[in-house]
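Observations on chain architecture
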Amino acid sequence: WVRYNTIGGSQILIGQVQDFDEGAQVPDYYDSYRYIFTSGNSLYWQMVNGGSNIANGLKDGSSSWTPSVDTWYHLAFVRSSNTFTIYVDGTSIDSDTDATSVPNLAAALTIGSIDLLYPGQVPNQGGAPALDGYIDELRISNTARWTSNFTPPSSEYTSDSNTKLLMHMNEK
């Protein structure tokens, strides 16, 4: 679930960046994957390997979606075999096919931003767009939880053998 405080600019929902081009001193997401909402009202995922975009699934703007501020949305990024689908509140808004493997990166998983630290830089100053909002009930699984439209859950997720990360984030 995600709730935006503001709508505008790109906002990272979750991602991982392992390498960057230190010589250029700019974020190039050299080895990375990320899930993003953009000000163009698109949700998309992107994978980069060795500095080359190996998958820009669902980045063509066809996943148009116009969220409102202060409203909770159930977002699901699902991969079933070679099909990637984005669901908003249980309804598929876009789907794409790509056989590329998701990189197995040694970098930290970041939620709500991507740390791009260069020598001498302080956190969150690397130009990576942070989420201006809240995330609740974050789950990463090694199976496709949904392969067609669904009713979003109304209670907390529970862990099972396919759950790799589960965060309720409801502490006050």
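Just so it is clear, the model here is predicted, and its values are computed rather than measured.

Cut-offs applied
Residues numbered from 1 in each chain as written. Predicted model: local features only at pLDDT ≥ 70, side-chain atom pairs only at ≥ 80, totals over all residues. Heavy atoms only, no water. Pairing = 2+ DSSP bridges. Helix = DSSP H or I, 4+ residues; strand = E, 2+ residues; numbered from the N terminus. Salt bridge = Lys/Arg side-chain N within 4 Å of Asp/Glu carboxyl O. Buried < 20%, exposed > 50% of the residue type's maximum accessible area, 1.4 Å probe, protein only. Phe/Tyr/Trp six-rings, centres within 6.5 Å; stacked < 30°, edge-to-face > 60°. Lys NZ or Arg CZ within 6 Å of the ring centre and 35° of its normal.

**A look at the sheet that holds strand 6 (residues 72-73)**
Spatially, 6-1-11 is the arrangement adopted by the three strands of the open sheet, whose pairing is antiparallel. Either end of the sheet is taken by a strand with one partner, and the two such strands are strand 6 and strand 11 (133-135). By the bridge criterion, three bridges tie strand 1 (residues 2-4) to strand 11 in an arrangement that is antiparallel. From the neighbouring strand, Val2 faces strand 11, where its bridge partner is Ile135.

**What to know about the pattern of salt bridges**
In total, this model carries two salt bridges according to the counting rule given. Between Asp70 and Arg3 there is a salt bridge; the shortest N-O distance is 4.0 Å. Of this pair, Asp70 sits in the loop between strand 5 (52-55) and strand 6 while Arg3 sits in strand 1, placing them 67 residues apart in sequence. With a relative accessible area of 52%, Asp70 lands in the exposed category. As a salt-bridge pair, Arg145 and Asp160 come within 2.7 Å of each other at their nearest N and O atoms. Of this pair, Arg145 sits in the loop between strand 12 (138-141) and strand 13 (163-167) while Asp160 is found in the loop between strand 12 and strand 13, placing the two residues 15 residues apart along the sequence. Of the residues examined, Asp160 reaches a relative accessible area of 33% and is grouped as partly exposed.

**Concerning the packing of aromatic side chains**
One pass over the full model with this rule turns up two aromatic pairs. Centre to centre, the rings of Tyr87 and Phe150 are 5.2 Å apart; their planes meet at 65°, and the pair counts as edge-to-face. Within this pair, whereas Tyr87 is found in strand 8 (residues 83-88), its partner Phe150 is found in the loop between strand 12 and strand 13, the two being separated by 63 residues in sequence. Accessibility assignment for this pair places Tyr87 and Phe150 in one class, buried. With centroids separated by 4.1 Å and ring planes inclined at 10°, the aromatic side chains of Trp146 and Phe150 adopt a geometry described as stacked. Like Trp146, the residue Phe150 is buried in the burial classification. When the ring centre of Tyr157 is taken as origin, the NZ or CZ atom of Arg139, which lies over that ring, is 3.9 Å away.

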